[in-house]
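Residue-level structure breakdown
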Amino acid sequence: MKDFGPGFPEWTELGQDGGLDPLGMQRPIEAIYQSLLPGISTITLRFRYYSFFVWILEVYAREKGDTDPVAFRAFQRRCETLFALIAARGSTELGVAGIDWAQKQLANVPNNPATFIDFSVGADPETDVGQRYLRNKGGAFGGIYATQMFEMGLITLGDDRNPIAVCTNRALPLAEAFAAEIGELGTVFMGCVSAGTVTLGELDRMAPMQPSEILAGSAEHRLLVQVLLGRLSPATASDKLRRSTALMLLQLIDATKEVPRPEAVKWEWFGAGHHAAEPVPASGDVRSMWALYQACDLMRLAYENILDLALDILQEAELRRMPLGEVVAELVGLVDVPDDMTWLRYSASLLEGLEPAMAARLADERMVEARATGDRSTRMKSVVALVAALTERAEAFGDLLDSALNAPDHFQSLRTEVRFLRARGPENARTVLDALVRERVLKRHLWVASRKFRNQKAYTFLIEPEEGMLRYRDRFRVSPSSPRLDQAMRFLRDVKLIDDAGLTDFGRAELMSNEVF
C-alpha cells in the first residue's frame, strides 16, 4: 500500500475546497483503489492515447530533440489538437481531449474535402482561454496521461537534465507498432502538425488513427493488451495488481454474459453479489483489497449520511441554529435503541440473521431509498445497521485491516471506526450511538474543516459553531466514490477484449490462457 504521509495536511490536499470530503475519509479509500488499478485514472478515457503518445514522444526525440519545454509543449499540443479533429470527423469518438472544440471547428466550415482548418491558434497555450482546445496548458498529455503512463512504466518523467518525458525500453515496441499500423499517415499527420493546418480530406484519410480503430490482431493491439494486462516483462508489482483486477473483471463479465455497472462489480467483490465464481489464480489478495475498499467506502457513506441528516435538521431549525446536544439527540431519537442493551448485542441484532456482507448491502439499499423518499427515521436506522454490518464484516479482513490502513488515527477510516466501536461493545447502545454521532461525525467535520482552513485556506464548513450553537451553512453531495472501474472496462473495450455482448473471442482466450505470476 502507498504511504499515507506523516501529517494531516497531505491527505486533505485533494483540491476539494467545496466540502466534497467533509469528514476527511476519502484519502485512505483512494489509496486502496489507486494501488489496484495503477496506470488508470478517472480521467484517462481512451487507451489508444497510450500508443499515440509514445509515438509522438519518439518522433519528437528523433526529429527535433529540443529539450526546451516550451518547444515540446507547442509540438505536443498541436498533435493533440489534430488528434481531436481526426476523432471528431465522421462518427464522433467519446473520451477524446478537446472533442467539443474540434466539433465546433468542423461545424463552422463547409463540408468539402478541400476545406482548410487552421488549428494553430487553438493549440497555442498562450492564446485566449476561450479559443484553446483545452484550458489546461499542459494539454492531455501533461495534465492527464503522463503520470499514468509513468505508472505503467512506459515513460520517464522529465528531470533537471532533460525536462521532456522520454519513452522507456518497454514503450519502444509500442511506438514502433503504432507507427507501422498508421504507415504513411504518420508523415501526413506530422506534416499537418508542422503547418498547423489540415484539410477535411486529410482528416478523412487519417481516420484509421481514431481511438476506436485499433486493428484486432495487429502488433499494436497485441502490445496494448500486454500493457493493460501487465504482461510486459519483467512484470512490476503494479503490473501484477492491474492484471489481477483486469482478469477479475473478465471473469465476472464471462459469468454475467454482460458488461456490469461498476456498482454491481463492487458488490460482487465485496461478497454480496449474485455470481460467485472461482477466484482468478493469484488474485486472492487483490479480491480482498477490493472488498476492503468497498467496506471503507460504505463506512464513509454511512457517516456522511449522518452529517447530511444533521444538515436537514439544522436547515429547518429556527434561524438555522441549534445546540449540538439537541442535534445529536434528534438524530439518535430517530433510531429505536433499547435502553438496557449493550452496543455489542444491539449491533448483532441489526444483521437480521444475514451474512455481514449481505446485511451491509441490504442496509445500504434501504439507506439510499430512504434518502430519496425523505424518510429520516428509516434512513438513520439503515445507517446504524450498515455500520453494524461493516463492523462485523471487518472481522474477515484479519490483519489486512491494520496493514492496508496503517496510518495515524487522524486518518479516519474503517480501521479507526471498527476500533472505536469494538472498544465500546460492552457499553450502553444509546450512549455509543450518541458518541458516534457527536464525536465521529459532527465534531469530526468541524475539526477537518478547521484544518483545511488553516492549512489550505479553503473554507469548507457545512456547519459552523456560533455562541455554543451549530449553525447551518451549506450542503454537500453524498455519493459512492469512483474507483476507476468504468475506465478499466472502457480500456478493455478499446482493446477488443469485451463488447456490448460481454467477452469477445480475444477476451475469452485471454482469460483461458491466464498465467499465474
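In what follows, the structure referred to is the one given above.
Residues numbered from 1 in each chain as written. Predicted model: local features only at pLDDT ≥ 70, side-chain atom pairs only at ≥ 80, totals over all residues. Heavy atoms only, no water.

**Quick word on the overall build of the chain**
Operational definition: The secondary structure listing takes helices from DSSP runs of H or I that are at least 4 residues long and strands from runs of E that are at least 2 residues long, numbered from the N terminus. For a compact globule the rule gives 2.2 Å times the number of residues to the power 0.38, and the radius of gyration it is set against comes from C-alpha atoms. Relative accessibility thresholds used throughout: buried, under 20% of the residue-type maximum; exposed, over 50%; partly exposed, between the two (1.4 Å probe, protein chains only). Any two residues whose heavy atoms approach within 4.5 Å are treated as being in contact. The method behind every accessible area is Shrake-Rupley, applied with a 1.4 Å probe, and residues are considered shielded solely by the protein chains displayed. We score Asp and Glu as negative and Lys and Arg as positive, and we do not count His or the chain ends. Throughout, a charge is located at the NZ atom of Lys, the CZ atom of Arg, the CG atom of Asp or the CD atom of Glu.
For the chain, the count of helices and strands is 23 helices and nine strands. Relative to the compact-globule value of 24 Å for 517 residues, the chain shows a C-alpha radius of gyration of 26 Å, a close match. Overall, the C-alpha framework of the chain stretches about 80 × 55 × 45 Å when taken along its three principal axes. The buried share of the chain, reckoned over its 517 residues, is 55%. Relative to all contacts within the chain whose residues are 6 or more apart in sequence, the contacts with residues 24 or more apart total 73%. Split by element, the accessible area of the chain, about 22,100 Å² in all, is 50% carbon and sulfur. The positive charge centre, built from 59 side chains, and the negative charge centre, built from 71, are 2 Å apart in the chain.

**Brief notes about the packing of aromatic side chains**
In plain terms, the rule: Any Phe, Tyr or Trp ring, taking Trp's six-membered ring, that has another such ring centre within 6.5 Å forms a pair; planes under 30 degrees apart are called stacked, those over 60 apart edge-to-face, and the others tilted. Put simply, a charge is over a ring when the Lys NZ or the Arg CZ is close to the ring centre, within 6 Å, and near the line of the ring normal, within 35 degrees.
Enumeration over the complete set of coordinates arrives at 27 aromatic pairs. Centroid distance Y49 to F52: 6.4 Å. Interplanar angle 65°. Geometry classified as edge-to-face. Of the two residues, Y49 and F52 are both situated in helix α3 (residues 48-63); the distance of three residues between them amounts to about one turn of the helix. For Y49, a relative accessible area of 1% puts it in the buried group. By relative accessible area, which is 0% here, F52 ends up buried. Centroid distance F53 to F141: 5.1 Å. Interplanar angle 55°. Geometry classified as tilted. Taken together, the positions of F53 in helix α3 and F141 in helix α7 (residues 139-151) put the pair 88 residues apart, joining distant regions of the chain. This pair shows no difference in class: F53 is buried, exactly as F141 is. Against the face of F270 rests R393, its NZ or CZ located 5.0 Å from the ring centre.

**Looking at the pairing of strand β6 (residues 463-466)**
Which entries qualify depends on this criterion: Paired strands, as defined in this entry, are two strands with at least two bridges between them according to DSSP.
Pairing between β6 and strand β7 (residues 469-472): four bridges, direction antiparallel. When the sheet's bridge partners are listed, I463 is paired in β7 with Y472. Hairpin connection of β6 to β7: two residues between the antiparallel strands, including E467 at a positive phi of 50°.

**Concerning the sheet that holds β6**
The three strands lie next to each other as β5-β7-β6, forming an open sheet whose pairing is antiparallel. Across the chains shown, the open sheet's two edge strands, defined by having one partner strand only, are β5 (321-322) and β6.

**A look at the pattern of salt bridges**
Rule in force here: What counts as a salt bridge is simple: a side-chain nitrogen of Lys or Arg found within 4 Å of a carboxyl oxygen of Asp or Glu.
Scanning the model with the defined rule gives 38 salt bridges in all. The residue D239 makes a salt bridge to R242 at a minimum N-O spacing of 2.9 Å. Within this pair, D239 and its partner R242 are both found in helix α12 (residues 237-256), separated by three residues, close to a single helical turn. Taking relative accessible area as the criterion, R242 reaches 1% and is therefore assigned buried. In this structure, a network of salt bridges that share partners links the residues D308, D312, R371, R379 and R475.

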